[in-house]
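Below, each chain spelled out in residue letters.
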Amino acid sequence: MLHLTIDGVPHTAQAGDTLLHVLLAARRDIPHLCHDDRVRPSGGCRMCVVEIEGEPRPVSSCTTIVTEGMAVRTATPAIEALRHTNLSLLAARYPAEAVAAEPERPFHRLLARYGVAAGGAPWLERYADDSHPRLGVAMDRCISCNRCVRICDELQGQFVWQVWQRGERTHVGSALGGSLRDSGCVSCGACADTCPTGAIFDRGGAPASATQWTRSTCVYCGVGCQMDVGSRDGKVVTVRPAQHPVNHGHLCVKGRYAFEYNHAPDRITTPMLRDGDGWRAVSWDEALDHTAAALRRIRDQHGADAIGVLGSARATNEENYLVQKFARMVIGTNNVDCCARVCHTPSAKALKAMLGTGAATNGFDDIEQAHCFLLCGCNPTENHPIVGARIKQAVLKGAALIVVDPRRTELAEYAQIHLAVRPGANVLLFNAMAAAIIEEGLVNAGFVARRVDGLDDFAAFLRAYAPEAVSAQCGVDAADIRAAARLYASSAPAMCFHGLGMTEHTQGTEGVMALINLALLTGNLGRAGSGINPLRGQNNVQGSAQMGCEPATLTGSQPIAQARTVFESIWGGTLPTTDGLDLMQMLDGAAAGKVKALWAFGYDVYMSLANQHASAQALGQLDCVIVQDLFLNETARAFGTVFFPAASVFERDGTFMNSDRRVQRVRAAVPPPGDARPDWWIIQQLAQRMGHGQGFSFDGPQAIWDEVRVVWPAGSGLSYRRLESESLHWPCPQRDDDAHPGTPILHGDSFAGATRARLAQIPYVATPEQCDPDYPFTLVTGRGLYHFNAGTMTYRGANAQLEASDLLDMAPADATRLGLTDGTRVRVRSRYGEVELPLRISPRVKPGELFTTFHRPDLHVNRLTSPHRDRLAHTPEYKVTAVCVTPA
Ligand SMILES: Nc1nc2c(c(=O)[nH]1)N[C@H]1C(S)=C(S)[C@@H](COP(=O)(O)OP(=O)(O)OC[C@H]3O[C@@H](n4cnc5c(=O)[nH]c(N)nc54)[C@H](O)[C@@H]3O)O[C@H]1N2
Ligand SMILES: Nc1nc2c(c(=O)[nH]1)N[C@H]1C(S)=C(S)[C@@H](COP(=O)(O)OP(=O)(O)OC[C@H]3O[C@@H](n4cnc5c(=O)[nH]c(N)nc54)[C@H](O)[C@@H]3O)O[C@H]1N2
Ligand code: SF4
Ligand code: SF4
Ligand SMILES: [Mo]
């Protein structure tokens, strides 16, 4: 603790604090222009100057570290005069009309505060750039505070801006010299967010246009960034990043900008019933009564197990809890699942089987503590961009990076080692890394002795998997496999993140198990900066499964057999006794005529499931398909018989669970349009009309959540009251003092339910989906930065301008060989279907391999994907399809 005086008044500070921080904390209104907490101080604008006793000249408080006994004066006449002079210099050639038009910009407010008028001819011809649909550039307003340069470098890591020239001619411009569109910019908006003048600005709406602000959680990916939603007249007009442990005042292009869908003209705002080829708008009473009668009829005729219910990774924990309770208590079936099935169920299954808890072991807070990252089959700079940016910054500061991905992703360019594994060969590769770790004596012997079983048998099993033996099948040099094994094993703490390149294979669960072996061998578990961390998909996919939208587990991942009595007593009824079907089995059941009804809320099943032809055959057999969504998605369009219009996340309250097990609040910022209603309201109404008023009469999300806390002991400490001000990871059980700190790191000194874990012997079994002369290419499908999954939301806004279509990425050598040029429309054909789309020649993919995204509903890329599934979790093999390519 240090002591200082501020304008004669004693204060204290922590060692290492900057003087500006201390002054602002002491509520001194120190003017500043070049300072932003998110970047390193530069001391450039000289507005935060103060006098320090004993110093000959005023100093910039943002670059001064407080020392013991400092005596500071903040607003002497001399200091105020100096600030006035500095401001006048900046204003001398500044456009006065900008000040008049936007008086609320920080620089403009300072001009008003010091009575300085802007005006005069500009210093030099400054460029304006309207190439970017999200960001505008008007550099006649640039005051050279360089906040944009620093935030793009230090927070995002894109290095788009550069200071050009010196002295009077100093100005900021794109580092590559071209337009912003061609600059490598990823449209995160950080530069516009920090700019104090509006020289870089949001084209979609300035923060000042908002009259109300609401703290909430991003609606897109599982990172769970916190944001402030600005609204006006019942509409979302802007979104700004919040300072929070997950996102550190940063958002990506989707969270920050892609909210237009909320007010899209084709939002469905009335309930509808199928009427021939079209739809008939009806009242809620009619829609609910019709649906209740249809479900009752099907249950009476075919039994409860003829009905399937899907929770939603886009909806809240409260809603997912309610819908699985609905399936089990109202319908009487365990046929309940969610889209975790097609995504990270293999991760959850593998983690649960080997470590006891089916969730990420560590939190994002650890990223800055890891000495090494092992990224396997994930592409965080596009798909979890805030995590991607944090990893990139950690690597720029010296952490080691290994990327395992067939494609040269953006982060692969920063990696010491990029293992461009052949798609589908993960098990071989990780077995080979384990073999190398053992053979080269890199096992963490202490950790293994204390906590791991089965090393000797495992070592014997791995003899067939030496790097040299499997290198050809992996498509990676044995020396590189060994180098990666050495780097990972010798850089503790080493943190692993993985994605769908691991799970969406016939060996998905097994691939993750083979990866967990590496963490067990090297002791990279249970400590900060280590662990096995699946990067979960949507905003609440972790929560929808955790709440019980899984056939075999109830809320809190509790197996039905184990938890039956507790749930029956709390729910006041009998749980179904038949085994439930998972999503894929429901589809099989529909195709076989056994499943007759499906309720999918917040899930475009038809668009997103693999092997469109088979999905169509199955869905087409159903008597009743209830779709509950914001839009007439592809499932509704082709197969829906009932449509319930849902309120969006901006329009309701509740909680989400992010990728690193945090439970976070979602808050209504605007009212729902027309007759759209929150998902929880719709579920309760339907339950009531089916005679289950009891158990479905909550007066809102908080009451539902309080019941979740009763049935799920590991979440019982997560009250709405605590979530208001704390960011907590489960397990967080209720304690008498109501202060359990949450559990950011799992498996500290034991594994859930056991002290020791066992190494898993995973033999490699190749997928039946193989290339041959007719289908010579391996197609990998995945995602891109600008669009989200089914495309329903991001295509309804300017992100459509940033990426207009799914594209087929092909290696330059293959394109040359086939005589195809960039932009050509090509026909891609698999054994299951075909799609036409534009070609992009890309050095990111290897010869013989192709990549495309699946975001555009009209292209419906899942026409191509195969019927093969993960042997253990049934996840479709989205990552490997044999195809051929011809000009369209
Ligand atoms: N912008 C954006 N962000 C998203 C989404 C989105 O649609 N758009 N969707 C969200 C959802 S639902 C999810 S689940 C996550 C998914 O996030 P990711 O897991 O990052 O997604 P993918 O792009 O499907 O696949 C990741 C990588 O796996 C690689 N890969 C393919 N086959 C193999 C293999 O055999 N081995 C290895 N090691 N790698 C392989 C691919 O080349 C690809 O780079 O993203 C979430 N975030
Ligand atoms: N080829 C290929 N296909 C894939 C994948 C792949 O890698 N390759 N990945 C798979 C993966 S990992 C996933 S998770 C799936 C994702 O597939 P989906 O879950 O179908 O996709 P999303 O776009 O996330 O959202 C589904 C729907 O939720 C709606 N929605 C949004 N918010 C709300 C809300 O608050 N309430 C309600 N009721 N509805 C809402 C949206 O309008 C949208 O129609 O796709 C899978 N499909
Ligand atoms: S939007 Fe983000 S990536 Fe683009 S220039 Fe600004 S800070 Fe850099
Ligand atoms: S990283 Fe994910 S949670 Fe964060 S703003 Fe982007 S989409 Fe939203
Ligand atoms: Mo996903």
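Residues numbered from 1 in each chain as written. Chains lettered and ligands numbered in written order. Predicted model: local features only at pLDDT ≥ 70, side-chain atom pairs only at ≥ 80, totals over all residues. Heavy atoms only, no water.

Colleague: Quick rundown of the packing of helix H9 (residues 317–331) against helix H27 (residues 701–711)? Include the residues and the values.
Modeller: Direction vectors running N to C along H9 and H27 enclose 65°, while the axes themselves pass 9 Å from each other. Regarding the angle of H9 to H27, the classification is roughly perpendicular. Where H9 crosses over H27, the two elements pack in a sense that is left-handed. In this structure, H9 uses Asn-317, Glu-318, Tyr-321, Leu-322 and Lys-325 to contact H27, whose residues at the interface are Pro-701, Ile-704, Trp-705, Glu-707, Val-708 and Val-711. Of the residues belonging to the contact of H9 with H27, the class tally is 7 nonpolar, 1 polar and 3 charged. (Axes fitted to C-alpha atoms, helices over the stretch in contact; angles between N-to-C directions. Helix = DSSP H or I, 4+ residues; strand = E, 2+ residues; numbered from the N terminus. Parallel < 35°, antiparallel > 145°, perpendicular 65-115°, else oblique. Left-handed = near helix turned anticlockwise from the far one by under 90°. Contact = heavy atoms within 4.5 Å. Nonpolar A, V, L, I, M, F, W, Y, C, P; charged D, E, K, R; others polar.)

Colleague: Account for the UniProt feature "domain: 4Fe-4S Mo/W bis-MGD-type" (unreviewed entry) in the protein chain, with residues named and values stated.
Modeller: Under the UniProt annotation, the feature "domain: 4Fe-4S Mo/W bis-MGD-type" (unreviewed entry) is placed at residues 211–266. Helix makes up 9% of residues 211–266 and strand 36%, whereas the separation of the span's terminal C-alpha atoms amounts to 26 Å. (UniProt positions renumbered as here; feature names shortened; annotations may be inferred.)

Colleague: Describe the state of the cysteines, with residues and values.
Modeller: Linking two cysteines covalently through their sulfur atoms gives a disulfide. Taken as a whole and judged by the stated rule, the model has 0 disulfides. As a non-bridged cysteine, Cys-148 has Cys-142 as the owner of its nearest cysteine sulfur, 6.3 Å distant. Look at Cys-148 and you get buried, because its relative accessible area is 10%. (Disulfide = S-S within 2.5 Å. Buried < 20%, exposed > 50% of the residue type's maximum accessible area, 1.4 Å probe, protein only.)

Colleague: Break down the environment of His-868 for me, citing the residues and quoting the values.
Modeller: Along the chain, His-868 turns up in the loop between strand E37 (849–853) and strand E38 (881–887). Each C-alpha atom of the pair His-868 and Glu-504 lies 9.9 Å from the other, and the pair is 364 residues apart in sequence. Setting aside residues up to four positions removed in sequence, His-868 forms contacts with Thr-506, Pro-768, Glu-769, Tyr-832, Thr-875, Pro-876 and Glu-877. At 3.5 Å, the side chain of His-868 and the side chain of Glu-769 are in polar contact. (Polar contact = N/O pair within 3.5 Å; in protein donor to acceptor, adjacent residues only side chain to side chain.)

Colleague: Outline a nonpolar patch on the surface, supporting the account with residue identities and numerical values.
Modeller: Together, Val-566, Ile-570 and Val-710 make up an exposed nonpolar region whose accessible area comes to about 230 Å². The topology assignment puts Val-566 in helix H21 (residues 560–571). (Patch = residues over 30% accessible without salt bridge, like charges linked within 9 Å, V, L, I, M, F, W, Y side chains within 5 Å. Areas by Shrake-Rupley, 256 points an atom, 1.4 Å probe, with all protein chains shown as cover. Salt bridge = Lys/Arg side-chain N within 4 Å of Asp/Glu carboxyl O.)

Colleague: Talk me through the environment of His-344; I want residue IDs and the actual numbers.
Modeller: Counting through the fold element by element, His-344 comes out in the loop between strand E17 (336–337) and helix H10 (345–355). Given the relative accessible area of 1%, His-344 is considered buried. Along the sequence, His-344 and Gly-499 sit 155 residues apart, while their C-alpha atoms lie 7.8 Å from each other. Not counting residues within four places of it along the chain, the set of residues in contact with His-344 comprises His-498, Gly-499, Leu-500, Thr-503, Pro-534, Leu-535, Arg-536 and Gly-537. Side-chain polar atoms of His-344 contact the side chain of Ser-347, separated by 2.7 Å.

Colleague: Mind laying out the site of ligand 4, listing which residues take part and the relevant values?
Modeller: Surveying the vicinity of ligand 4 reveals the residues Cys-218, Tyr-220, Cys-221, Val-223, Gly-224, Cys-225, Leu-251, Cys-252, Lys-254, Gly-255, Pro-385 and Ile-386. Going through the elements one at a time, helix H7 (253–257) and helix H12 (385–396) are the ones with two or more residues in the shell around ligand 4. Taken together, the residues of the shell around ligand 4 sort by class into 9 nonpolar, 2 polar and 1 charged. (Near = heavy atom within 4 Å.)

Colleague: Outline the nonpolar core, listing residues and values.
Modeller: Counting 96 residues, the largest nonpolar core has Leu-295, Phe-326, Trp-599 and Phe-644 as its most contacted members. Among the elements that take part in this core, H9 stands out by supplying 8 residues, more than any other. Beyond its immediate chain neighbours, meaning those up to four positions away, Phe-326 contacts Leu-295, Ile-331, Trp-599, Ile-683, Leu-686, Ala-687, Met-690 and Phe-696. Core analysis: the second largest hydrophobic core is formed by 60 residues, Ala-436, Val-512, Ala-514 and Ile-516 among them. (Core = buried A, V, L, I, M, F, W, Y, C linked by side-chain atoms within 4.5 Å.)

Colleague: Lay out the sheet that holds strand E14 (residues 272–275) with the relevant residues and their values.
Modeller: Two pairing modes exist for strands in a sheet, parallel and antiparallel, and in both the strands are linked by backbone hydrogen bonds. Strand order in the open sheet formed by 7 strands is E15-E14-E28-E27-E26-E16-E17, with mixed pairing between adjacent strands. The open sheet has two edge strands with one neighbour each: strand E15 (278–281) and E17. Pairing between E14 and strand E28 (residues 642–645): 2 bridges, direction antiparallel. Residue pairing in the sheet places Met-272 in a bridge with Phe-643 of E28. Where helix H26 (residues 679–689) meets the sheet, it contacts strand E26 (597–601), strand E27 (624–629) and E28, and its direction lies at approximately 155° from that of E26. (Pairing = 2+ DSSP bridges.)

Colleague: Tell me about the packing of aromatic side chains, residues and numbers included.
Modeller: One pass over the full model with this rule turns up 15 aromatic pairs. Look at Tyr-94 and Phe-107: their rings are 4.8 Å apart centre to centre, the planes differ by 65°, and that puts the pair in the edge-to-face class. Pair noted here: Tyr-94 is in the loop between helix H2 (77–91) and helix H3 (96–101) and Phe-107 is in helix H4 (residues 106–113), with a separation of 13 residues, a long-range link. Note on Trp-279 and Phe-643: the rings are 6.4 Å apart at their centroids and 85° apart in plane angle, and the pair reads as edge-to-face. With Trp-279 in strand E15 and Phe-643 in strand E28, this pair connects stretches of sequence that are 364 residues apart. Judged by its relative accessible area of 0%, Phe-643 is buried. Here the aromatic residues Tyr-220, Tyr-261, Phe-650 and Phe-788 are joined through ring pairs into a cluster of three or more. (Phe/Tyr/Trp six-rings, centres within 6.5 Å; stacked < 30°, edge-to-face > 60°.)

Colleague: Describe the pattern of salt bridges, with residues and values.
Modeller: Inspection of every chain in the model, using the stated rule, returns 56 salt bridges. The closest approach of N and O atoms between Glu-410 and Lys-392, which form a salt bridge, is 2.7 Å. Of this pair, Glu-410 sits in the loop between strand E19 (400–404) and strand E20 (417–419) while Lys-392 sits in helix H12; the two residues are 18 residues apart in sequence, bridging distant segments of the chain. Exposure remark for Glu-410: the relative accessible area of 18% places this residue in the buried category. A salt bridge links Asp-453 to Arg-756, with the shortest nitrogen-to-oxygen separation between them at 2.6 Å.

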